[in-house]
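Letter by letter, the chains look like this.
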Amino acid sequence: FYQQYPSFSDRVVTFYNRIAEEVVKELPDARLGAYAYSSYREAPLGVSLHPSIVIGFVGLDYFNEETRQVDLKRWDAWTHKAHSLFLRPNAILRMDGLPAIYVTRLAEDIRHCYQTGMTVADFDSLSGHWSTVGLNYYVLAKLLWDPAADEQAIVRDYCEKGFGKAA
């Protein structure tokens, strides 16, 4: 008889907690980074996180709106379980050099995560496709500096500085 477990994260968080308990015995001010990723992206149901653990949420997809909305709900669920969260999406990775501009959704998500407790962001996989997605890179950097910034003003700034009169 097979029954799907609703949240594999309980097991993973239990493991994280055991590590944290041992580490803080020796280093009481230590902070430990851990991920909410893959099959343990859902927030745990019955386990709370040790206060020294900082959870890195890996999610958000700009090529599938349904997945993006599910990931935002997952993020929100983690805000009730983690003492500290950082955003580490694969949002930039999936472009593979194809033109894909999603600055409005990116701005919405950065603001939402910041307003709900994001303390750090780690956007990796900037693969250097400046000609096709440079605008995303630029807007992302500006929003991480100031999540309340107007993304359309940032777009105008990018176009004016990058293309002059052709903006």
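A quick note: this is a predicted structure, and the numbers were derived from the prediction, not measured.

Undergrad: Please give an account of the packing of aromatic side chains that cites residues and values.
TA: Using the criterion set out here, one finds seven aromatic pairs in the structure. Plain terms: the ring middles of W130 and Y137 are 4.7 Å apart, the flat faces sit at 75° to each other, and that makes the pair edge-to-face. A centroid spacing of 6.3 Å and a plane angle of 70° characterise the contact between Y158 and F163, whose relative ring orientation is edge-to-face. Among the residues examined, Y158 registers a relative accessible area of 19% and is labelled buried. An aromatic cluster is built from Y62, F63 and Y102, whose rings are joined through pairwise contacts. For the cation-ring pair, R88 lies above Y37, with the distance from its terminal atom to the ring centre recorded as 5.8 Å.

Undergrad: Got a sec to walk through unusual backbone geometry? Specific residues and values, please.
TA: Of note in this structure, S38 is not a glycine but carries a positive phi near 55°. Inspection of the secondary structure assignment puts S38 in the loop between β1 (32-36) and β2 (53-57). The backbone phi angle of L60 is positive, close to 80°, even though this residue is not glycine. Among the structural elements, L60 can be located in the loop between β2 and α2 (65-79).

Undergrad: Describe the packing of helix α3 (residues 103-115) against helix α5 (residues 151-163), and please don't skip the residues or the numbers.
TA: Direction vectors running N to C along α3 and α5 enclose 130°, while the axes themselves pass 10 Å from each other. The orientation of α3 with respect to α5, classified from their angle, is oblique. Along this stretch, α3 crosses α5, giving a crossing that reads as right-handed. Between α3 and α5, the residues in contact are V103, T104, A107 and R111 and E151, Q152 and V155, respectively. Of the residues in the contact of α3 with α5, the class split is three nonpolar, two polar and two charged.

Quick notes on the rules
Just so you know, the residues in each chain are numbered from 1, in the order the chain's sequence is written. For a predicted model such as this one, the threshold for reporting local features is a pLDDT of at least 70, and the threshold for listing and counting side-chain atom pairs is 80 or more; totals across whole chains, interfaces and linings nevertheless cover every residue. Derived side-chain values reflect all non-hydrogen atoms in the structure, with water molecules and hydrogen atoms excluded from consideration. Within 6.5 Å between ring centres, the rings of Phe, Tyr and Trp (the latter by its six-membered ring) count as paired, and their orientation is classed by plane angle as stacked under 30 degrees, edge-to-face over 60, tilted in between. Three exposure classes are used, based on accessible area relative to the maximum for each residue type with a 1.4 Å probe and protein chains only: buried under 20%, partly exposed in between, and exposed over 50%. The rule is short: NZ of Lys or CZ of Arg within 6 Å of the ring centre and within 35 degrees of the ring normal puts a charge over the ring. Numbered from the N terminus, helices here are DSSP runs of H or I no shorter than four residues, and strands are runs of E no shorter than two. For helices, the axis comes from a line fit to the C-alpha atoms of the stretch in contact; other axes are also lines fit to C-alpha atoms, and the angle between any two N-to-C directions lies between 0 and 180 degrees. Each angle gets one of four labels, with under 35 degrees taken as roughly parallel, over 145 as roughly antiparallel, 65 to 115 as roughly perpendicular, and the rest as oblique. By the definition used in this description, the sense in which the near helix is turned from the far one sets the handedness, with an anticlockwise turn below a right angle giving left-handed and a clockwise turn giving right-handed. Contact definition: two residues touch when any of their heavy atoms are within 4.5 Å. Asp, Glu, Lys and Arg are counted as charged, while Ala, Val, Leu, Ile, Met, Phe, Trp, Tyr, Cys and Pro are counted as nonpolar; the rest, among them Gly, fall into the polar class.

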